[in-house]
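Analysis of the macromolecular model
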Amino acid sequence: MKFSAITRRTALALATAPLLAGMAGGALAQAAWPDKMVKLIVPFPAGGPTDTASRIVGQKLAERLKQSVVVENRAGASGSIAAAQVAKSPADGYTLMMLATPTLLAPHLYKKAGYDTVKDFTPVAMVYDLPIVVVVNPLQLPKVTNLQGLIDHAKAQKVPMNYTSSGTGSFGHLSMELLKQMGSFDMQHVPYKGSAPAITDTIGGQVPVMYSDLIAALPHIQAGKLRAIAVGSPQRVTMLPEVKTIAEQGFKGYEAVSWGGLVAPPGTPKAVVDRVAHEVRQILAEKEVQDRLLGAGAIAHFMDPAQMGQRVQQDYTRWGQVIRDKGIAND
C-alpha cells in the first residue's frame, strides 16, 4: 500500500512538472517584457492624425519601456488590411495597433474585412478623440452661420443640395446621415477619396458643405475660407470655443466623435496589457503630449482597457445600425 501511494505521488509529480514549468516560464517571460522591439501598426498612410498620434505616443512609450517602439504604416481599405493581419499576430505583447474609427467600422462596410472588431482584438488604452465639424463655404452660403440655418436652406431646395466627406462610409458621411435622420432634412452625399480633395472642392465652391475631421478643416477655418457651424462632440472643442455643438443646437443626445486607441491581438497577457495601459495613462497626462496632440487636431483622452472595450462595443453597434439603415457599403 505504501509503495502504491508513493508511486502515485511520484507519477503525479512527474505529470505536473511540465505544466508548472510552463507556468513559471510564462510568468518569467511576462516579467521580462519587453525584451525586444515592439511594433506599433498604423493602418493608414503616414502624415494623418492616426499616424501622428501613434508616433507621439510611440516615442514616449519607448522611453518608458526602455525598448524600441517602431511605427509601421500598413494602409488600405479603411485600415482593414492591417487589422486583419494584427488580429492573427502572436499574442505576445510585441504587436500593437492604433485602432481608429474607420477601422473599427470597416467590417460593417466591407464584406471581406477579415476580422471582427469586437472579438478579434484586446483593448489596451484609448489615446485620443478626433473632433469632427460641419463646415460651409461662406461665399456659397453667406447666410448660413449655424446648424438651423443650414437645415432651413436644405429644406428650401427643390433638389437636394450636395455635401461631401472624405469618402463613402467615412465618419463624416455617417455622422451627417445620422444628423439628416434626426433633423428630417435631406442632402446628397458626394464622396471624395480623402479629406484633402474634399476640402479643396468645398473651398472652391463645387460642393458647399462638408462634414470634416477637425485636423483637416482647422487651417481653412482659421483662414476664413471655410465657416464652422457645428461640432459633433458632446462638448465644445478648445480649438473652436465659439462654435456650438450639434446637441446645443437642438439635437439633444447627438454625439459623433472619431477616436483612436491601442489594441493588441486576442489573448495578449493581461500583465502586458495593464503595463501598456499604465504607461499610456502617464504619457497622456503630460502637458507636452497634450499640446502636441492638439497641434495635430486631436484631444488626449485616456480610457483603461475595460472602458475602451465598452466604447468599442457601443460605437460598433451604434454606427453599424446607421450603416445598415442607410444601406451604405464599400464593396
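Residues numbered from 1 in each chain as written. Predicted model: local features only at pLDDT ≥ 70, side-chain atom pairs only at ≥ 80, totals over all residues. Heavy atoms only, no water.

**Focus on the packing of helix H7 (residues 195-204) against helix H8 (residues 214-222)**
Two elements in contact, H7 and H8, have axes whose closest approach is 10 Å; the angle formed by their N-to-C orientations is 30 degrees. In terms of orientation, H7 lies roughly parallel with respect to H8. Here the hand of the crossing between H7 and H8 comes out right-handed. Residue-level contacts link Ser195, Ile199 and Ile203 of H7 to Ala216, Ala217 and His220 of H8. Grouping the amino acids of the contact of H7 with H8 by side-chain chemistry returns four nonpolar, two polar and no charged. (Axes fitted to C-alpha atoms, helices over the stretch in contact; angles between N-to-C directions. Helix = DSSP H or I, 4+ residues; strand = E, 2+ residues; numbered from the N terminus. Parallel < 35°, antiparallel > 145°, perpendicular 65-115°, else oblique. Left-handed = near helix turned anticlockwise from the far one by under 90°. Contact = heavy atoms within 4.5 Å. Nonpolar A, V, L, I, M, F, W, Y, C, P; charged D, E, K, R; others polar.)

**Points about the nonpolar core**
By size, the foremost hydrophobic cluster in this structure holds 53 residues, and its most contacted members are Val134, Leu150, Met187, Val209 and Ile246. The element contributing the most residues to this core is helix H11 (residues 305-326), with six residues. If we skip the residues at most four places from it in the chain, valine 209 touches Val134, Val135, Val136, Leu141, Leu150, Met161, Asn162, Tyr163, Thr164, Met176, Met187 and Thr202. (Core = buried A, V, L, I, M, F, W, Y, C linked by side-chain atoms within 4.5 Å. Buried < 20%, exposed > 50% of the residue type's maximum accessible area, 1.4 Å probe, protein only.)

**Details of the packing of aromatic side chains**
Geometrically, a pair of aromatic rings is defined through the distance of the ring centres and the angle of the planes. Applying the stated rule across the entire model yields three aromatic pairs. On the numbers, 6.2 Å between centres and 55 degrees between planes, the contact of tryptophan 33 with tyrosine 94 is tilted. Separated by 61 residues along the polypeptide, tryptophan 33 in the loop between helix H1 (2-32) and strand E1 (38-42) and tyrosine 94 in the loop between helix H3 (80-87) and strand E3 (95-100) bring together distant segments of the chain. The class for tryptophan 33 is buried, based on a relative accessible area of 5%. By relative accessible area, which is 10% here, tyrosine 94 ends up buried. Judged by centre distance (4.9 Å) and plane angle (70 degrees), the ring pair of phenylalanine 171 and tryptophan 319 falls under edge-to-face. Here phenylalanine 171, found in helix H6 (residues 171-183), pairs with tryptophan 319, found in helix H11; they are 148 residues apart in sequence, far enough to count as distant. One cation-aromatic arrangement involves lysine 36 over tyrosine 94; the distance from NZ or CZ to the ring centre is 4.7 Å. (Phe/Tyr/Trp six-rings, centres within 6.5 Å; stacked < 30°, edge-to-face > 60°. Lys NZ or Arg CZ within 6 Å of the ring centre and 35° of its normal.)

**Points about H8**
Two residues of an α-helix separated by three or four positions point the same way, owing to the 3.6 residues in each turn. Within H8, burial applies to Leu214, Ala216, Ala217, Leu218 and Ile221. The elements touched by buried residues of H8 are strand E4 (122-136), H7, strand E7 (209-213) and strand E8 (227-231). Glycine 224 lies just past H8 and shows a positive phi near 85 degrees.

**Structural notes on unusual backbone geometry**
A negative phi angle characterises most non-glycine residues, just as the trans form characterises most peptide bonds. The residue after tryptophan 33, namely proline 34, is reached through a cis peptide bond having omega -5 degrees. Looking at the element boundaries, proline 34 is found in the loop between H1 and E1. A positive phi angle is found at serine 78, which is not glycine, with a value near 60 degrees. Positionally, serine 78 belongs in the loop between strand E2 (69-73) and H3. Despite not being glycine, serine 184 has its phi angle at roughly 55 degrees, a positive value. Along the chain, the position of serine 184 falls in the loop between H6 and strand E6 (188-191).

**Some details on the pattern of salt bridges**
Summed over the entire model, instances satisfying the criterion amount to 14 salt bridges. Between arginine 64 and glutamate 279 there is a salt bridge; the shortest N-O distance is 2.5 Å. Residue arginine 64 is found in helix H2 (residues 49-65), and its partner glutamate 279 is found in helix H9 (residues 270-284); the two are separated by 215 residues along the sequence. Each of Lys60, Arg64, Arg275, Glu279, Glu286, Glu288 and Arg292 takes part in one network of salt bridges that share partners. (Salt bridge = Lys/Arg side-chain N within 4 Å of Asp/Glu carboxyl O.)

**Side note on the environment of valine 289**
For valine 289, the position within the fold is in helix H10 (residues 287-295). By relative accessible area, which is 0% here, valine 289 ends up buried. Each residue touching valine 289, except ones within four places of it in the same chain, is listed here: Ile56, Lys60, Ile283 and Leu284.

**Here's the deal with helix H5 (residues 147-156)**
The complete set of buried residues in H5 reads Leu147, Leu150, Ile151 and Ala154. Summarising the axial view, the buried residues of H5 lie within an arc of 95 degrees, below the 170-degree limit, and thus occupy one face. (Arc of directions from axis to C-beta.)

**A closer look at the packing of helix H4 (residues 101-109) against H11**
Their axes nearest at 9 Å, the elements H4 and H11 cross at an angle of 45 degrees. Taken together, the axes of H4 and H11 lie oblique to each other. Note on packing geometry: the crossing formed by H4 with H11 is right-handed. Together, Leu104, Leu105, Pro107, His108 and Leu109 of H4 and Val312, Asp315, Tyr316, Trp319, Gly320, Ile323 and Arg324 of H11 make up the contact between the two elements. Grouping the constituent residues of the contact of H4 with H11 by class yields eight nonpolar, two polar and two charged.

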